[in-house]
Amino acid sequence: MLSFLHVVEQLLTPSIPVVLLGIVIIVGAPLLLHFILASSATYIESPAVILLGPSNAGKTALLTLFERGAKAAQTHTSQVVHSIELNASTDSLSKESFRNHHDTTGTHSKFRLIDTPGHGKLRPLAMENLSQSKMLKAIVFVVDAATLSEQEMLSPTATYLYDVLLFLQRRASAKSRKRGAAATPVLVAANKMDLFTALPAAMVKTRLEKELGRIRLSRSKRLLDSDADPDGLGVDEQETWLGDYASDEFCFEQLQEIGISVQVLPGSVTAEGADADTWWWWIAQRV
Ligand code: GDP
């Protein structure tokens with residue numbers, strides 16, 4: 001008791017050690033708290049699935065549908081990155097529907113679904129989100145299957161997809177050089193299947209592959225024209241060439257060789273009795 005009083009008395013008596021101790025506590029405590037919180041935030045960060053694709057494809061409608069578990073309301077084209085938390089379960093067939101994502105009785109995985117703006121001017125924001133997303137488990141690239149038969153819609157959609165796949169290809173090869181980490185799988189969600197102009201998923205796949213092949217050829221030609229490299233494939237060209245160097249035509253399976261799986265699955269978001277279970281199931285198996 002006496003020694004306790006002595007310590008208190010010492011602490012309350014102004015002296016250099018006491019003042020120094022006070023400064024250390026005042027400066028050190030917030031710093032320590034910051035480091036503890038920062039490290040625990042990365043620890044508890046849940047897996048992420050990112051929604052990419054051109055404007056008007058149905059990304060926000062899909063996010064709203066999954067969030068509410070019901071028919072999506074009218075949406076506004078997204079200008080900002082918006083993210084929600086969902087639960088996916090692969091326990092049994094009865095739970096594979098997005099309508100059951102509130103049910104957390106079985107084994108479930110919590111994940112973040114991130115919506116990004118599709119407008120060309122805001123695309124750097126989406127790509128930045130893609131490159132900075134920690135715990136990125138999958139990419140859902142939403143396309144409007146009802147307008148892909150028009151070249152003016154197909155071309156920008158494929159250009160965007162090309163940039164996304166090229167980014168993944170570069171990252172996958174950099175990773176495999178380092179430690180063989182798994183590459184991010186891509187779902188091309190062929191949306192608006194309820195509309196009679198919608199192309200079937202198989203045709204969405206072949207159209208996109210053909211257009212991606214055309215883009216890769218024209219990009220490589222542009223590079224060759226600007227670069228006087230007599231040996232053909234220069235380093236820059238390898239960096240912009242998507243898929244197999246030896247192939248004339250592009251197909252998604254070429255990316256499988258570096259571990260990137262691309263699947264095209266049909267669905268619809270705003271139709272009566274929205275048909276998005278196949279996409280939900282695809283996501284549930286990857287988070
Ligand atoms: P975003 O720009 O990719 O986020 O696209 P939105 O989610 O804002 O959707 C654009 C428009 O397409 C909206 O008017 C939606 O109601 C509509 N839409 C989205 N999905 C479907 C669908 O599956 N079928 C039909 N018919 N319309 C859809």
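Residues take numbers from 1 onward in each chain, read along the sequence in its written order. pLDDT decides what is reported in this predicted model: residues at 70 or higher carry local features, side-chain atom pairs at 80 or more are listed and counted, and totals for whole chains, interfaces and linings draw on all residues regardless. Computation of side-chain values: all heavy atoms of the structure, hydrogens and water removed.

Before going further, it helps to spend a moment on the environment of isoleucine 114. Note that isoleucine 114 resides in strand β3 (residues 109-115). With a relative accessible area of 4%, isoleucine 114 lands in the buried category. Once the C-alpha coordinates of isoleucine 114 and leucine 51 are considered, the two residues, 63 residues apart in sequence, prove to be 5.8 Å apart. Numbering of helices and strands starts at the N terminus; helices are DSSP runs of H or I of at least 4 residues and strands are runs of E of at least 2. Residue exposure (1.4 Å probe, protein chains only): buried if accessible area is under 20% of the type maximum, exposed if over 50%, otherwise partly exposed.

Taken residue by residue, the chain gives an average pLDDT of 83. The fraction at 70 or more is 80%. For the chain, helix α7 (residues 235-240) is the element with the lowest average pLDDT, namely 69, and strand β5 (residues 186-191) is the one with the highest, namely 98. Every residue gets a pLDDT, meaning the predictor's confidence in that residue, from 0 to 100.

Positive phi is not limited to glycine here, since asparagine 56 has a value of about 75°. For asparagine 56, the location among the structural elements is in the loop between β1 (48-52) and α3 (59-68). Positive phi, close to 70°, is recorded for lysine 192, a residue that is not glycine. Counting through the fold element by element, lysine 192 comes out in the loop between β5 and α6 (201-226).

Moving on, we get to the sheet that holds β5. One bridge is not enough; two strands pair if DSSP finds at least two bridges between them. Taken in spatial order, the six strands line up as β2-β3-β1-β4-β5-β6 in an open sheet, and their pairing is mixed. Two strands lie at the open edges of the sheet, namely β2 (82-88) and β6 (262-266), each paired on one side alone. Taking each pair of neighbouring strands and ignoring which way they run, the sheet shows an average axis angle of 25°. Residues are treated as being in contact if the distance between any of their heavy atoms lies within 4.5 Å. Interaxial angles span 0 to 180 degrees and are taken between N-to-C directions of axes, which are lines fitted to C-alpha atoms, for helices over the stretch in contact. Along the sheet, helix α4 (residues 123-132) contacts β1, β3 and β4 (136-144); its crossing angle with β1, the most-contacted strand, is approximately 160°.

To continue, consider the nonpolar core. For this analysis, a nonpolar core means a set of buried residues of the types Ala, Val, Leu, Ile, Met, Phe, Trp, Tyr and Cys, connected via side-chain atoms within 4.5 Å. Counting residues in hydrophobic clusters, the biggest one holds 40 residues, and the most contacted among them are Leu52, Ile139, Leu165, Val186, Val204, Leu208 and Phe252. Looking at this core, the elements with two or more residues in it are β1, α4, β4, α5 (151-178), β5, α6 and β6. Ranked by residues supplied to this core, first place goes to α5 with ten residues. Residue contacts for valine 204: discarding those within four places in its chain leaves Val143, Ala145, Leu148, Ala190, Leu199 and Val264.

Moving on, we get to the environment of glycine 53. Relative to the assigned elements, glycine 53 resides in the loop between β1 and α3. The spacing of glycine 53 and arginine 123 is 70 residues in sequence and 9.4 Å in space, taken between C-alpha atoms. Ignoring any residue separated from it by four or fewer positions in sequence, one finds glycine 53 in contact with Lys59, Gly118, Phe141, Val142 and Tyr160.

Once that is clear, we can look at α4. Along α4, the positions that sit buried rather than exposed are Arg123, Ala126 and Leu130. The buried residues of α4 occupy an angular sector of 60° when projected down its axis, which confines them to one face. Residues of α4 that are exposed and point more than 90 degrees away from the buried face comprise Pro124 and Gln132. The directions considered for the arc are those from the helix axis to the C-beta atoms.

Right, let's talk about α3 for a bit. Burial of α3 is extensive: eight of the ten residues sit out of reach of the surface. Inspection of α3 places Lys59, Thr60, Ala61, Leu62, Leu63, Thr64, Leu65 and Phe66 among the buried residues, and these make up the whole buried set. Buried residues along α3 sit against β1, β2, β3, β4 and α9 (277-284). Remark: glycine 69 follows α3 within two positions and exhibits a positive phi of approximately 70°.

Ring pairs are drawn from Phe, Tyr and Trp, using the six-membered ring of Trp, whenever the two centres fall within 6.5 Å, and their geometry is named by plane angle: stacked under 30 degrees, edge-to-face over 60, tilted for the rest. Applying the stated criterion across every chain yields a total of four aromatic pairs. With a centroid separation of 4.9 Å and 65° between ring planes, the pair formed by phenylalanine 66 and tryptophan 280 is classed as edge-to-face. Taken as a pair, phenylalanine 66 in helix α3 and tryptophan 280 in helix α9 lie far apart in primary sequence, 214 residues in all. Each member of the pair, phenylalanine 66 as well as tryptophan 280, carries the same accessibility label: buried. Ring geometry for phenylalanine 250 against phenylalanine 252: centres 5.8 Å apart, planes inclined by 90°, an arrangement best described as edge-to-face. A single burial state applies to phenylalanine 250 and to phenylalanine 252, both of which are buried. Through a chain of ring-to-ring contacts, the aromatic side chains of Phe66, Phe111 and Trp280 assemble into a single cluster.

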